[in-house]
Amino acid sequence: MATTALFGCAGKDLRRRLSTRFDREDFQRGHQTTVDTFPRPNVLAQSKVPRELLFRGTKSGARTGAGIAPNTQPRSMPSLITFNTQEVNLWNNPQKMTSKVLSLPKSYADPPKISVGLNMLDFKAGTGIRCNGNVSDIDNRKFTVHIDTWADTTLWAGEINCFVMRSSNHDFLCGEFSTTEDHVWNKPQLQTSRRIHFERPYSTPPNVVVWLKSFDTGEGSSTRVKTFATDIDAKGFTIHIDTWADTKLWSAIAGWIAYPKDKEGIFCGRGDTIQVRPWQNTTPGVTTRKAIYFGDTAFHAKPSVFVALDAIDCSTAHGLRFSAYATDISTHGMTWHIDSWGDTILHSAGISFIAFNHGI
């Protein structure tokens, strides 16, 4: 049965966040290598990094576009907003449900569209991996952001990126798909897909970007989940949420955005650790990065970048820890990072990203 595209959606300005339980020096890396490992003898000790260093820039709410003050932003400029659970409670005081009311960077004529993606998670070992990022109570000045877990899961910390745009910007269509729309959670499947029909067809096949905003996994030697799009045409696409091997994927939710391929000032793509190193990694705490270029896309200024997880394969022998972000952002390209730390064995992970200039 086909699912109609949801028009309510999401946005944020990606800022690199130091995670919760390791020293600042752990993120210092050379410029000549693409895969780095660091000794972390005390990763379970409380971080000595001052809170003001963990949360650089604005403490919460909107992160505006590069070099533009909030009162000078073009009226049509989308916004990138980041939320980290440590803005509400520190890692050593984990909560099942964490939320905060965030202000929008400006007052909108109508409630904007907001799309949410996971970009950092830190779980306690030995339990199911469960997390859900979402937003609610959106009005023209503010919204509520949530990062939740449930059952026996302990989420030390989490972070999501929000992509915010005007509801009147019809170039963008947004939505989400949950595996529970296809089957009940207690009858897990390795593969789940659904045809998404756009609310308004495009004149030609658009770009479609997909990512994870929620997943609940149980038994298995690894936490494995991925989402991707196929069969994209002017009227819609097929969205997939899969697992493999011995992983039990009880449920997952993928978010998506579609926009015209010829739209100026925007570039999308994927990054994956497998592009840099083999998936058969057994070294704990590996960090991975890769420089990419924006090709023929013309940016008139340093773009903002939305980054979200779209695939992960992480050993359940230790805690799941990952952080995805972008650095060295310029009008020509950027460097994406997918990091783990402590005793985490991250076999592979992938991200989707959207770089854009103001006024899209």
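Read on for an overview of the structure. (Residues numbered from 1 in each chain as written. Predicted model: local features only at pLDDT ≥ 70, side-chain atom pairs only at ≥ 80, totals over all residues. Heavy atoms only, no water.)

On the secondary structure map, Ala-349 appears in strand β21 (residues 346–356). On the basis of relative accessible area, Ala-349 is assigned to the buried category, the value being 1%. For the pair Ala-349 and Asp-272, spaced 77 residues apart in sequence, the C-alpha to C-alpha distance is 5.8 Å. Non-local contacts of Ala-349, meaning those with residues more than four positions away in its chain, are made with Gly-271, Asp-272, Thr-273, Leu-309, Ala-311, Ile-312 and Ile-338. (Helix = DSSP H or I, 4+ residues; strand = E, 2+ residues; numbered from the N terminus. Buried < 20%, exposed > 50% of the residue type's maximum accessible area, 1.4 Å probe, protein only. Contact = heavy atoms within 4.5 Å.)

Turning our attention to empty space enclosed by the protein. Under the defined criterion, the tally for this structure stands at 1 cavity of 30 Å³ or more. Its volume calculated, the largest cavity comes out at about 40 Å³. Broken down by element, the residue count for the lining of the largest cavity peaks at 3 residues, all from strand β9 (residues 155–165). By residue class, the composition of the lining of the largest cavity is 4 nonpolar, 4 polar and no charged. (1 Å grid on protein atoms, 1.4 Å probe; cavity = no way out; pocket = protein on both sides within 12 Å on 5 of 7 lines; lining within 4 Å. Points joined across faces, edges and corners; volume = space filled by probe spheres on them. Nonpolar A, V, L, I, M, F, W, Y, C, P; charged D, E, K, R; others polar.)

Read from one edge to the other, the open sheet built from 6 strands follows the order β5-β8-β7-β12-β15-β10, with strand pairing classed as antiparallel. Because the sheet does not close on itself, it has two edges, and the strands there are β5 (97–103) and β10 (173–178). The mean inter-strand angle of the sheet, taken between neighbouring strand axes irrespective of direction, is 25°. The pairing of strand β7 (residues 129–136) with strand β8 (residues 142–148) spans 5 bridges and is antiparallel. (Pairing = 2+ DSSP bridges. Axes fitted to C-alpha atoms, helices over the stretch in contact; angles between N-to-C directions.)

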